[in-house]
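The lines below spell out each chain.
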Amino acid sequence: NMKETYEWIQSWCDETGKHDLPRVLLIGDSITRSYEGKVRELLKGKAYVDYIATSYAIDTKMFATLIDAFYKDDKYALVHFNNGLHGEYVGTRTYAAKLGKIVRKMPDSKVVLVTSTVVNENGNKVRHPIWHKIVKARNSAVHAIAGECGYGVDDLYSVSLSIKKEDRSEDGIHYAEGGVNALADAVAKCITENLGL
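Residues numbered from 1 in each chain as written. Predicted model: local features only at pLDDT ≥ 70, side-chain atom pairs only at ≥ 80, totals over all residues. Heavy atoms only, no water.

Q: Sorry if this is basic, but what is going on with the packing of aromatic side chains here?
A: Describing an aromatic ring pair means giving the distance of the ring centres and the angle of the ring planes. Applying the stated rule across the entire model yields two aromatic pairs. Relative to phenylalanine 81, the ring of phenylalanine 63 has its centre 6.3 Å away and its plane inclined at 75 degrees; by these criteria the two rings are edge-to-face. Residue phenylalanine 63 is found in helix H2 (residues 61-72), and its partner phenylalanine 81 is found in strand E4 (residues 78-81); the two are separated by 18 residues along the sequence. The ring centre of tryptophan 8 lies 4.2 Å from the NZ or CZ of arginine 33, which sits over that ring. (Phe/Tyr/Trp six-rings, centres within 6.5 Å; stacked < 30°, edge-to-face > 60°. Helix = DSSP H or I, 4+ residues; strand = E, 2+ residues; numbered from the N terminus. Lys NZ or Arg CZ within 6 Å of the ring centre and 35° of its normal.)

Written as structure tokens, this is what we have:
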């Protein structure tokens, strides 16, 4: 597997000594990192929200080890799994196999798989047009695995298509505050509905 120029890992576990509310784990990349704080705010008093976000691709040993260790470190009522924007070289079949293997190792939690976001179908100068095809193929795999395993799907791809230009970042991948808020609202709603909060 190929490394990116810069690889990073960020995480936060909230109120780790408390177990009076359900604990939720957000897994993802910079998109997850952008909305985790807002999701925590929206779920305050309903759930504790932990997150781990990383640039490592899904086919790396680092990613598999990280997620496995993080998941086993606490008891999670729900795992919200958003991974699709790294490891451009990973083919859809490999992506699906790795994703399936990781999320099937979470028997003690409700699992929700998340479709990957795109910033802009038209005039995207940062990620080439092929990238949109990769995301769509990966999102199809997400739906297929969710169907096989009986997992929920949080369709952030559809949310991302509806985000206005002024709420998107010029880099072609990320979001300004308005876009982040739209994603966070969708994530919090998904978690609330799945846990019956």
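Having seen it, we continue.
Q: Please clarify how unusual backbone geometry should be interpreted in this entry.
A: Leaving glycine aside, a negative phi is the common case for residues, and trans is the common case for peptide bonds. A positive phi angle, near 45 degrees, is found at glutamate 15, a position not held by glycine. Residue position: glutamate 15 is located in the loop between strand E1 (9-12) and strand E2 (23-28). Note on glutamate 15: relative accessible area 39%, which makes it partly exposed. (Buried < 20%, exposed > 50% of the residue type's maximum accessible area, 1.4 Å probe, protein only.)

Q: Would you take a moment to explain the sheet that holds E1 for this structure?
A: What links the strands of a sheet is backbone hydrogen bonding, and the strands pair in either a parallel or an antiparallel sense. Strands sit in the order E1-E3-E2-E4-E5-E6 across an open sheet of six strands; the sheet is mixed. The open sheet has two free edges, formed respectively by E1 and strand E6 (152-154), since each of these has just one partner strand. Between one strand and the next, the sheet's axes are offset by a mean angle of 20 degrees, whatever the strand orientation. Relative to E6, strand E5 (residues 110-114) runs parallel, the two sharing three bridges. Counterpart to valine 114 in the pairing with E6 is aspartate 154. Where H2 meets the sheet, it contacts E1, E2, strand E3 (48-54) and E4, and its direction lies at approximately 170 degrees from that of E3. (Pairing = 2+ DSSP bridges. Axes fitted to C-alpha atoms, helices over the stretch in contact; angles between N-to-C directions. Contact = heavy atoms within 4.5 Å.)

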